[in-house]
2 protein chains.
Amino acid sequence: MTTVLIVDDQPLQRYGFHLLLDSVPETDVVGEAAHGAEAVRKAAELRPDVVLMDVRMPGMDGIEATRRIAAAGGRSRVLVLTTFDLDEYVHAAIRAGASGFLLKDARPEELLAGIRAVASGDAVIAPALTRRLLDEFAPYIPAHRGDGAEDPRLGSLTDREREILVAVGKGWTNGEIAARFVLSESTVKTHVGRVLAKIGARDRIQAVIFAYDHGLARPSTD
Amino acid sequence: MTTVLIVDDQPLQRYGFHLLLDSVPETDVVGEAAHGAEAVRKAAELRPDVVLMDVRMPGMDGIEATRRIAAAGGRSRVLVLTTFDLDEYVHAAIRAGASGFLLKDARPEELLAGIRAVASGDAVIAPALTRRLLDEFAPYIPAHRGDGAEDPRLGSLTDREREILVAVGKGWTNGEIAARFVLSESTVKTHVGRVLAKIGARDRIQAVIFAYDHGLARPSTD
DNA sequence: GGGCGCGTGGTACCGGGGTACTACGGGGGG
DNA sequence: CCCCCCGTAGTACCCCGGTACCACGCGCCC
């Protein structure tokens with residue numbers, strides 16, 4: 001039995017979801033909320049397995065509410081439901097920590113399957129959005145995976161050189177690298193020089209780009 | 001009516017899929033293949049709407065076959081099906097141009113729903129894999145989307161300065177930027193200096209990292 | 001008209017980065 | 001045993017990048 005909290009500013013919409021979830025035995029609607037603030041409060045109080053979250057709401061919107069519920073660290077998973085498949089919503093929801101993103105025109109079975117998946121710790125994305133997400137993220141998949149053959153330039157690096165490349169990818173200067181690795185700056189320069197030669201980069205800048213392209217560096221959420 | 005090509009090295013597995021797809025009216029199995037090479041050939045010959053592709057096969061594997069079918073540019077969409085939810089497979093399949101990735105332990109309705117979605121141009125990912133994909137790609141979502149408030153540093157840049165930042169993000173030297181923008185190098189240095197000051201970067205290197213973090217630069221598939 | 005932001009351009013200076021070359025000790029394989 | 005790779009370290013040199021400061025023309029708004 002999975003417990004559900006329904007969040008939507010439209011009473012009729014809540015009623016519809018409530019009816020649907022009551023029609024199957026495995027879900028139990030434990031509460032409703034009409035806006036973000038109420039959602040955050042009730043999620044903390046009722047500790048539902050799944051929060052069905054609308055995006056567009058007066059006051060605190062669904063994204064901010066999702067962020068707070070996710071940040072609270074409880075075991076509630078948020079499934080975002082919206083009428084509009086705007087990329088910004090999807091991006092924002094994912095970043096906010098949502099476990100799912102479905103459109104309100106989904107068929108009832110899809111919604112129930114989504115709730116089941118989210119409750120069990122998995123995640124779901126509406127197929128119409130998945131296509132765009134895949135197209136967007138495909139370039140970020142490191143080339144050394146996926147291309148069958150690993151980039152030979154990566155393989156040519158020694159362990160130490162790969163460490164140095166990662167450090168360069170973080171934007172550290174030679175002096176900083178020397179300090180953190182407890183090395184002389186000369187040694188660092190030697191390593192960096194060899195790395196540049198091996199990967200075919202003229203600058204440390206192109207080494208940074210290389211590192212990003214090959215998954216050795218990734219955006220930090222500092 | 002969506003036409004389907006079944007690719008799997010196990011005859012019994014093909015038989016099972018065939019039976020399942022024959023049991024519903026909206027799919028029509030137009031062929032089978034036992035390995036990658038045959039799959040590529042039959043896909044070109046039969047032009048199915050959807051290719052049900054196994055990953056592990058002797059000879060040419062499903063990933064390579066997917067790559068070739070996708071590269072051929074026909075309207076066939078590939079739905080990869082595998083027993084193992086290894087991240088490498090998922091990554092490789094997405095990079096190869098697959099439109100979907102499901103596990104063989106999926107329920108029949110899920111498989112059929114997946115085929116429908118893929119045939120209509122959407123994409124599907126098994127919920128168990130979606131979670132890991134989301135966790136992996138969330139950092140790549142540019143901070144200026146998703147965080148509600150746009151990064152004020154980005155907004156402070158003029159149009160020209162943003163262009164310059166993008167160019168810096170590509171790893172171009174001041175000289176190259178000057179050449180491509182038809183400017184003097186002095187002007188470029190002035191712009192770069194202002195950009196660095198505005199975004200709070202000490203180097204052009206950290207400007208490159210900033211560009212990646214904020215979605216102004218992304219891995220190129222050169 | 002006077003200001004101001006923006007894009008353009010210049011000079012001068014200096015420090016970090018990159019290259020070339022050399023060197024040496026340790027570990028592993030022929 | 002000897003050699004080679006690897007990691008370490010140094011010196012010398014040059015150039016690009018970054019900073020500081022100044023300058024001018026254009027468009028826009030008060």
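- As recorded in an unreviewed UniProt entry, chain A goes by LuxR family transcriptional regulator and comes from Streptomyces griseorubiginosus.

## What to know about the sheet that holds strand S5 (residues 100–103) of chain B
Residue and element names in this part refer to chain B.
Turning to step 1, where the next piece is worked out: Across the sheet, which stays open at both edges, the six strands sit in the order S2-S1-S3-S4-S5-S6 with parallel pairing between neighbours. Two strands bound the open sheet, and with one partner strand each, they are strand S2 (27–33) and strand S6 (124–125).
Turning to step 2, where the next piece is worked out: By the bridge criterion, six bridges tie strand S1 (residues 2–7) to S2 in an arrangement that is parallel. Each bridged residue has a counterpart across the sheet, and for Thr3 the counterpart in S2 is Asp28.

## Let's talk about helix H11 (residues 204–213) of chain A
Turning to step 1, where the next piece is worked out: Taking burial as the measure, the ten residues of H11 of chain A include nine buried ones, the bulk of the element.
Turning to step 2, where the next piece is worked out: Along H11 of chain A, the residues classified as buried are Arg204, Ile205, Ala207, Val208, Ile209, Phe210, Ala211, Tyr212 and Asp213 of chain A.
Turning to step 3, where the next piece is worked out: Buried positions along H11 of chain A lie against helix H7 (152–155), helix H8 (159–169), helix H9 (174–181) and helix H10 (185–199) of chain A together with helix H8 (159–169) and helix H11 (204–213) of chain B.

## Here we look at the layout of surface pockets
Turning to step 1, where the next piece is worked out: As a volume, the largest pocket reaches approximately 1200 Å³.
Turning to step 2, where the next piece is worked out: In this structure, the largest pocket is lined by 45 residues; those nearest its centre are Val124 and Pro127 of chain A together with Ala113, Val124 and Pro127 of chain B.
Turning to step 3, where the next piece is worked out: For the lining of the largest pocket, the secondary structure elements donating two or more residues are strand S5 (100–103), helix H5 (108–119), strand S6 (124–125) and helix H6 (127–137) of chain A together with S5, helix H5 (108–119), S6 and helix H6 (127–137) of chain B.
Turning to step 4, where the next piece is worked out: Looking at which element gives the most residues to the lining of the largest pocket, the answer is H5 of chain B, with seven residues.
Turning to step 5, where the next piece is worked out: Residue composition of the lining of the largest pocket, grouped by class: 27 nonpolar, six polar and twelve charged.

## Observations regarding the pairing of strand S3 (residues 50–54) of chain A
All names here are of chain A.
Turning to step 1, where the next piece is worked out: Most of S3 is tucked away, with five of its five residues classed as buried.
Turning to step 2, where the next piece is worked out: Residue alternation in S3 divides its side chains into two sets, Val50, Leu52 and Asp54 and Val51 and Met53, and both sets are buried.
Turning to step 3, where the next piece is worked out: When strand S1 (residues 2–7) meets S3, the two strands line up parallel, connected through four bridges. Pairing of Val7 across the sheet is with Met53, part of S3.
Turning to step 4, where the next piece is worked out: Bridge count between S3 and strand S4 (residues 77–82): five bridges; the pairing is parallel. Across the sheet, the residue bridging to Asp54 is Leu81, located in S4.
Turning to step 5, where the next piece is worked out: At this point the chain moves from S3, through helix H3 (residues 62–72), to the parallel S4, and the crossover so formed is right-handed.

Calculation rules
Residues numbered from 1 in each chain as written. Chains lettered and ligands numbered in written order. Predicted model: local features only at pLDDT ≥ 70, side-chain atom pairs only at ≥ 80, totals over all residues. Heavy atoms only, no water. Pairing = 2+ DSSP bridges. Helix = DSSP H or I, 4+ residues; strand = E, 2+ residues; numbered from the N terminus. Buried < 20%, exposed > 50% of the residue type's maximum accessible area, 1.4 Å probe, protein only. Contact = heavy atoms within 4.5 Å. 1 Å grid on protein atoms, 1.4 Å probe; cavity = no way out; pocket = protein on both sides within 12 Å on 5 of 7 lines; lining within 4 Å. Points joined across faces, edges and corners; volume = space filled by probe spheres on them. Nonpolar A, V, L, I, M, F, W, Y, C, P; charged D, E, K, R; others polar. Right-handed = clockwise from strand over helix to strand, strands pointing away.

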